[in-house]
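Structural features, examined
As a plain string of letters, each chain reads:
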Amino acid sequence: MSEAALAPAQGTAQGIAARFAIAYPGFTLRADLQLPGHGVTALFGASGSGKTSLLRAIAGLERHAGGYLAVNGEVWQDARHFVPTHRRPLGYVFQEASLFAHLDVARNLDYGLRRIPAAARRVPRTQAIDLLGIGHLLQRRPDTLSGGERQRVAIARALLTAPQLLLMDEPLAALDAQRKAEILPYLARLRAELDIPVLYVSHALDEVIQLADHLVFLGGEKGAGQVLASGPIGATLARIDLPTAQSASAAVLIEATVQGYDSAYELLRLGFAGGELLAPHPAPLAPGAPLRLQVQARDVSVALAPAPGSSILNRLPATITGISSADTPAHMLVSLDAGGTPLLARITRFSCDQLHLTVGMPVWAQIKAVALLG
Ligand SMILES: Nc1ncnc2c1ncn2[C@@H]1O[C@H](COP(=O)(O)OP(=O)(O)OP(=O)(O)O)[C@@H](O)[C@H]1O
């Protein structure tokens, strides 16, 4: 295999094609993925399922014979080419920000810029600083920053390397819940404002629900990793055949738009393809603003008719698309389609039998609570 500059792919296929057979002593993973060339793709799965190994293969940090990788029309690895990591236009953000301790933030950023000719820069320095909210930190040394601030600097530095692909390996895993909550909105802004595809490794479902557009779910038996699913985030989370849906913390997401605000009751009125939702919120949000909602399967119940005498605010007409057993004998999982949006309900097996629920049945999905994200 020769080390080569970027080679054009045959045709101009957009997206990321990644085929790897990873084999370590005691661990194998075969992946054959066709991923979108934009937005955030989460590589999600339990510890040891091979997320980092796959990311390192994509970065070219590990060289696996027979692998294939093409990114938006450029081949980075095939039988004849292997573009070394330092020649791949990618940014890599690790769990711990690896900043130079002896340089202040401004110089750390400039280090990222050094090897990029001005004409090739995709994200101007001022935009990267603004997007990550680090303008007030430029004169500070890394050891005077919080973990979250350091990670924001590391992400800004990665953006300045003009990446065509951003790889993030659990960038929030070393942070406590509060720091994590601080940094997530910055990542959501990157997703909204930059057109750089991101591969984001995580084992935290809430992060994935907040950020990802596409979900690659890794799992398999111990020592033999496999891709259990790869698809759009909403539909993949609602798949009752996957372990993510089985757990008590199973959740799906709804992409909604702000429609109004009832200040007397502090309730946001939200619209989505499946209808309208009300969600408590202490302040109004701009009408038309997009919002992601996280809906826990255990907060969704199923009724045969809309029940007016109930404290549950949100009732949506839906159709049952699947029914399966859950992780306890007492529970069942019901997947639903509400105007094209997939939902999941975790209900008791008793209720499922009492209501004689079957696939294809029109029902009402009652949603007790939704969490606003982003
Ligand atoms: N260079 C290597 N040599 C040998 N085994 C390796 C190597 N890299 C990873 N492994 C093994 O491959 C398996 C997958 O590891 P990997 O770090 O990719 O998983 P992961 O899903 O990212 O896990 P985590 O969430 O804990 O970081 C593990 O069993 C690990 O011990």
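Residues numbered from 1 in each chain as written. Predicted model: local features only at pLDDT ≥ 70, side-chain atom pairs only at ≥ 80, totals over all residues.

So, the overall build of the protein
For the record, the criterion: Runs of E in the DSSP output that reach at least two residues are strands. Runs of H or I that reach at least four are helices, and both are numbered from the N terminus. Our contact criterion uses C-beta atoms placed from the backbone: two residues qualify when those atoms are within 7 Å.
Secondary structure assignment for the protein yields nine helices and 23 strands. Its C-alpha atoms give the protein principal-axis dimensions of roughly 65 × 50 × 40 Å. The long-range share in the protein, meaning contacts at least 24 apart out of those at least 6 apart in sequence, stands at 68%.

Digging into the site of the ligand
Our working definition: Nearness rests on one distance test: the residue's C-beta atom, set from the backbone, must lie within 6 Å of the molecule or strand. Basically, the charged four are Asp, Glu, Lys and Arg, the nonpolar ten are Ala, Val, Leu, Ile, Met, Phe, Trp, Tyr, Cys and Pro, and anything else, Gly included, counts as polar.
As a structural note, the neighbourhood of the ligand is formed by Tyr24, Phe27, Gly45, Ser47, Gly48, Ser49, Gly50, Lys51, Thr52, Ser53 and His203. For the shell around the ligand, the element with the highest residue contribution is helix 1 (residues 51-59), accounting for three residues. Looking at side-chain class alone, the shell around the ligand contains two nonpolar, eight polar and one charged residues.

Describing the pairing of strand 22 (residues 362-367)
The criterion, for reference: At least two DSSP bridges between two strands are required for those strands to pair.
Looking at chain direction, strand 18 (residues 300-303) and strand 22 are connected through four bridges and run antiparallel. Within strand 22, the residue paired with Val300 across the bridge is Ile367. The pairing of strand 19 (residues 314-325) with strand 22 spans six bridges and is classified as antiparallel. Pairing of Asn314 across the sheet is with Ile367, part of strand 22.

What to know about helix 1
Test applied: In this scheme the burial state of a residue depends on its C-beta neighbours within 10 Å: 20 or more other such atoms mean buried, 12 or fewer mean exposed, and anything in between means partly exposed; the C-beta positions come from the backbone.
Those residues of helix 1 that sit buried are Lys51, Ser53, Leu54, Leu55, Ala57 and Ile58. Of the residues flanking the end of helix 1, it is Gly60, one or two places downstream, whose phi is positive at about 85°.

Comments concerning the packing of helix 4 (residues 147-159) against helix 5 (residues 177-193)
Selection criterion: Note on definitions: angles span 0 to 180 degrees between N-to-C directions of axes, and those axes are lines fitted to C-alpha atoms, for helices only across the stretch in contact. For classification purposes, an angle smaller than 35 degrees is called roughly parallel, one larger than 145 roughly antiparallel, one from 65 to 115 roughly perpendicular, and anything else oblique. Note on convention: near helix rotated counterclockwise from far helix by under a right angle means a left-handed crossing. Clockwise means right-handed.
Interhelical geometry of helix 4 versus helix 5 gives an angle of 25° and a closest axis separation of 9 Å. Judged by the angle between their axes, helix 4 and helix 5 are roughly parallel. For the crossing formed where helix 4 meets helix 5, the hand is right-handed. Contact with helix 4, carried on its side by Gly147, Gly148, Gln151 and Arg152, involves Arg179, Glu182, Ile183 and Tyr186 of helix 5 and no other residues of that element. The class makeup of the residues in the contact of helix 4 with helix 5 is two nonpolar, three polar and three charged.

Re the nonpolar core
Quick reminder of the rule: In this description, a nonpolar core means buried residues of the types Ala, Val, Leu, Ile, Met, Phe, Trp, Tyr and Cys, linked to one another by C-beta atoms lying within 7 Å. Those domain boundaries reflect an automatic or database domain assignment.
Core analysis: the biggest nonpolar cluster contains 103 residues, and Leu343 and Ala365 have the highest contact counts within it. Viewed by domain, this core spans two of them, domain 1 (2-233) and domain 2 (251-373), each represented by three or more residues. Those residues in contact with Ala365 that sit more than four places away from it in its chain are Val300, Val302, Leu316, Ala318, Leu336, Ala338, Leu343 and Ala345.

Regarding the sheet that holds strand 21 (residues 341-348)
If you walk across this open sheet you meet the five strands as 18-22-19-20-21, and the pairing is antiparallel. In this open sheet, the two edge strands, each paired with only one partner strand, are strand 18 and strand 21. For this sheet, the mean angle separating the axes of adjacent strands, direction not counted, is 45°. When strand 20 (residues 331-338) meets strand 21, the two strands line up antiparallel, connected through eight bridges. If you follow Met332 over to strand 21, its bridge partner there is Ile347.

Some remarks on the domain arrangement of the protein
Partitioning the protein into structural domains gives domain 1 (2-233) and domain 2 (251-373). Sort the elements by how many residues they give to the side of domain 1 that touches domain 2 and helix 6 (residues 205-211) lands first, with four residues. For the side of domain 1 that touches domain 2, the per-class residue count stands at three nonpolar, one polar and one charged.

Structural notes on helix 4
Formally: What a helix is expected to span follows from its residue count: subtract one and scale by 1.5 Å.
With 13 residues, helix 4 extends 19 Å between its outermost C-alpha atoms, agreeing within 8% with the 18 Å of an ideal straight helix rising 1.5 Å per residue. Among the residues of helix 4, Gly148, Glu149, Arg150, Gln151, Arg152, Val153, Ala154, Ile155, Ala156, Arg157, Ala158 and Leu159 are the ones counted as buried.

Regarding the environment of Leu166
Here Leu166 is to be found in strand 10 (residues 165-169). Once the C-alpha coordinates of Leu166 and Asp32 are considered, the two residues, 134 residues apart in sequence, prove to be 20 Å apart. With residues up to four places along the chain from it excluded, the contact list for Leu166 reads Leu90, Gly91, Ala158, Ile196 and Val198.

A closer look at unusual backbone geometry
Its identity as a non-glycine residue notwithstanding, Glu266 has a phi of 55°, on the positive side. Summarising the element assignment, Glu266 is placed in the loop between strand 14 (251-262) and strand 15 (267-272). Phi at His356 is positive, roughly 50°, even though this residue is not glycine. Relative to the helices and strands, His356 is located in the loop between helix 9 (349-354) and strand 22.

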